[in-house]
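Structural features, examined
This is what each chain is made of:
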Amino acid sequence: MRLDYLARETGQNLIRNWLLSIATVLIVTVSLTMFGITVLLGFYGLDNAFIRWNNDVSFIVYMNADASQDQIDAIAKDLDKSPQVDTVEYYDDDKTYELYQRIFQQEKPEMIGALNKGELPTSFRVKPSNPDAAVVKELANSYRPKTGVYDVDFPDEQVRQVQGAAKKIRLWLLMGVIALLAASVVLIFIAIQTAVFSRRREIEVMRLVGATNWFIRIPFIVEGVIQGIVGAGIAITFTGLLGLGWKSAGSGSFKDSLLSRFVWTGSQQTTAFIVMLAIGVIVGAVGSFISTLWYLRD
Amino acid sequence: MIKLENVKKVYKNDHVALRNASVSIDKGEFVFLVGPSGSGKSTFIRLLNREELPTEGKVWVAGKDISSIPNWRVPLLRRNIGYIFQDFKLLPNKTVEENVAFALEAIGRPRQSVKTQVPAILELVGLAHKAKNRPDELSGGEQQRVSIARAFVNRPLILLADEPTGNLDPNTTIGIMKLLDRINRTGTTVVMATHDRGIVDVMRRRVIELEGGQIVRDQARGVYE
């Protein structure tokens, strides 16, 4: 096939069917923008938010108020050498009393004088290296029977709930993305098929003068691919701009909210954009190919 | 050039369009297919172009049994067959020369060949001065001339015409028939389905009459009857 013929036919078809071309590009744009936002925010953002939240998962080992220095040192040494512990911070009498004052200052100021420094149990704030709820719980429980330990506080129920919710959200998002992509493919397919239908007479003439099916099909496929690329390009631009807006809001207006944790890295964004472009190209090409099948049956 | 051997064509709705049709057409013949509507004329023509496959029997075109050739070779077969339609089937958004060039481009002819062949064929059909016009700017007769130019630009061995004068007035019809006759004199086999008694009777060429899907008459230098 001559390249000038291909370029001319494709260009003429795109211009001649400009309304359908715009409709197809818009469908690709809207579908892929929604896909891109879902991937960035729902997958990468959610993942990163949970990674950050998981990183905050910790447990507290409370020592008896009358625990000896040796008992405290033994626990400290044990935590320090444990490979399952990432960081550990010891709340001594001063730090514990300071925390007690800070909490009760806001909630029950009349209680501040009820206890004195040294009457509160000191504690170890432990951040495990593996944030998995079951692993942390097991690690936390291993300190309960140790001498001098008063109690171990681990929010296992909350961790389990949040991690369970994360799994469910990911599953729902995955199903949503699949449904969205399926809907996009169908919409794009319908748009391209309408374009092909509007040129059925041309196809009929081409067949009767002896054009091969691939000769007829290639300009349609190139047209579909161009529409897919343009649609994906606009979608990538929109998604990029929305991402910039989101990130700037994350460091501004909702800096302290949970939403600010829904962020993604540059490489994750690049991956999402490459996938969007690939989907645009594939959907355009496959949609055109399938659309022409009906008219090119022998 | 063309041979049908005991051809039967039954459509999906069990309608028998052609039955026990056996006929042979030599190179350079001009053949009229006549008969009432639904007699099988269009089916006959569509079988020659492999638009339809016979239910039974064999169809030979240019020495090949076209009912058994693989689908991928059908385009190559069609490059040897020009097709003229009653409704012209011109592409409305292309000019006259683009419509004709389209037939050459669609089979991958080089640009230089397109550039020389298109003006030559437009000259032959008397439409060189309308090369830049679009079909809707032409009369019915002129549109059919473009259709003939497109069918003949590739110099096919066979020209199939399905009621090519069906939409034309008598004067225009004469012009189209003169053109087809001229093409036939170049050695191209012409098979034309028609209802036009006048042209059949005037031209006195071979007539194959179909009725209810059967060949009821095959007469050299025949009339419509």
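Definitions and cut-offs
Residues numbered from 1 in each chain as written. Chains lettered and ligands numbered in written order. Predicted model: local features only at pLDDT ≥ 70, side-chain atom pairs only at ≥ 80, totals over all residues. Heavy atoms only, no water. Helix = DSSP H or I, 4+ residues; strand = E, 2+ residues; numbered from the N terminus. Buried < 20%, exposed > 50% of the residue type's maximum accessible area, 1.4 Å probe, protein only. Contact = heavy atoms within 4.5 Å. Areas by Shrake-Rupley, 256 points an atom, 1.4 Å probe, with all protein chains shown as cover. pLDDT = per-residue confidence, 0-100. Expected span 1.5 Å × (residues − 1). Arc of directions from axis to C-beta. Buried area = accessible area lost by both parts, 1.4 Å probe. Salt bridge = Lys/Arg side-chain N within 4 Å of Asp/Glu carboxyl O. Polar contact = N/O pair within 3.5 Å; in protein donor to acceptor, adjacent residues only side chain to side chain. Nonpolar A, V, L, I, M, F, W, Y, C, P; charged D, E, K, R; others polar. Core = buried A, V, L, I, M, F, W, Y, C linked by side-chain atoms within 4.5 Å. Pairing = 2+ DSSP bridges. Axes fitted to C-alpha atoms, helices over the stretch in contact; angles between N-to-C directions. Patch = residues over 30% accessible without salt bridge, like charges linked within 9 Å, V, L, I, M, F, W, Y side chains within 5 Å.

If you tally the helices and strands in chain B, you get seven helices and ten strands. Taking all 225 residues of chain B together, 54% fall into the buried category. Of the contacts formed within chain B by residues at least 6 apart in sequence, a portion of 68% connects residues at least 24 apart. A total of about 9800 Å² of accessible surface is found on chain B, and carbon and sulfur atoms cover 47% of it.

Let's shift gears to the confidence of the model for chain A. The predicted model of chain A averages 83 in pLDDT, with 96% of residues at 70 or higher. Of all helices and strands in chain A, the one with the weakest mean pLDDT is helix H6 (residues 156-197) of chain A (78), whereas helix H3 (residues 69-81) of chain A scores best (90).

Our focus in this paragraph is unusual backbone geometry. Residues and elements named next belong to chain B. Non-glycine residue alanine 62 carries a positive phi angle of around 50°. Relative to the helices and strands, alanine 62 resides in the loop between strand S4 (56-61) and strand S5 (64-65). Positive phi, normally seen in glycine, also occurs at arginine 221, with a value near 45°. One can find arginine 221 in the segment after strand S10 (214-219).

Bringing H3(A) into the picture now. Residue pairs spaced three or four apart in an α-helix point in one direction, given the helix's 3.6 residues per turn. Residues and elements named next belong to chain A. Its 13 residues give H3 an end-to-end C-alpha distance of 18 Å, which sits within 8% of 18 Å, the value for a rise of 1.5 Å per residue. Turning to H3, its buried residues number three or more, namely Ile72, Ile75 and Leu79. Along the axis of H3, the buried positions cluster into a sector of 65°, meaning they face one direction only. For H3, the exposed residues lying more than 90 degrees away from the buried face are Gln69, Asp70, Lys77, Asp80 and Lys81. At its buried positions, H3 is contacted by strand S1 (59-63), strand S2 (85-91), strand S3 (123-128) and strand S4 (149-153).

Buried accessible area, meaning the area lost when the parts come together, often serves as the stated size of an interface. Opposite the 20 residues of chain A that make contact, chain B presents 26 residues. Interface area, chain A with chain B, both sides summed: about 2100 Å², of which 55% is carbon and sulfur. Broken down residue by residue, the surface that chain A buries against chain B is led by A:Arg2, A:Arg201 and A:Leu208, which jointly contribute 29%. Where chain A packs against chain B, one counts two salt bridges. In this structure, the salt-bridge partner of B:Glu105 is A:Arg8, at a minimum N-O distance of 2.7 Å. At the surface where chain A touches chain B, the tally comes to three residue pairs in polar contact (both at pLDDT 80 or more). Only helix H1 (3-16) and helix H7 (200-208) of chain A provide two or more residues apiece to the side of chain A that touches chain B. Broken down by element, the side of chain A that touches chain B gets its largest block of residues, seven residues, from H7(A). When its residues are assigned to classes, the side of chain A that touches chain B shows seven nonpolar, three polar and ten charged.

Now for the nonpolar core. Within the largest apolar cluster, 74 residues are counted, with the highest numbers of intra-cluster contacts made by B:Phe32, B:Leu122 and B:Leu180. When residues of this core are assigned to their parent elements, the largest contribution, seven residues, is made by helix H2 (residues 18-55) of chain A. Ignoring anything within four residues of it in the chain, the contact list for B:Leu122 reads B:Val96, B:Glu97, B:Val100, B:Leu127, B:Ala128, B:Ala131 and B:Ala149. Residues B:Val7, B:Ile25, B:Ile69 and B:Ala193 belong to the second largest nonpolar core, which totals 29 residues.

Bringing the sheet that holds strand S8 (residues 189-193) of chain B into the picture now. All names here are of chain B. Pairing is mixed across the open sheet formed by six strands, whose spatial order is S6-S7-S8-S3-S9-S10. Every interior strand has two partners, whereas the edge strands, strand S6 (81-84) and S10, have only one. Across this sheet, the average inter-strand angle for adjacent strands is 15°, counted without regard to direction. Relative to S8, strand S7 (residues 158-162) runs parallel, the two sharing five bridges. Its bridge partner being in S8, leucine 160 is matched across the sheet by valine 191. Packed on one face of the sheet, helix H6 (residues 170-184) meets strand S3 (30-34), S6, S7 and S8 and runs near 135° to S3.

All names here are of chain A. A cluster of nonpolar side chains, Ile37, Ile226, Val230, Ile234, Phe238, Leu241, Leu242 and Leu244, forms an exposed patch at the surface whose accessible area comes to about 680 Å². Topologically, isoleucine 37 is positioned in helix H2. Look at isoleucine 37 and you get partly exposed, because its relative accessible area is 32%.

Within a sheet, adjacent strands bond to each other through the backbone by hydrogen bonds, running parallel or antiparallel. Residues and elements named next belong to chain B. With antiparallel pairing, four strands are arranged side by side in an open sheet as S2-S1-S4-S5. In this open sheet, the two strands that pair with only one neighbour each are strand S2 (16-25) and S5. Here strand S1 (residues 2-10) runs beside S2; their pairing, made up of six bridges, is antiparallel. The residue bridging valine 10 from the neighbouring strand is valine 16, located in S2. Taken strand by strand, helix H1 (residues 41-48) contacts S1, S2 and S4, and its axis lies near 120° from that of S1.

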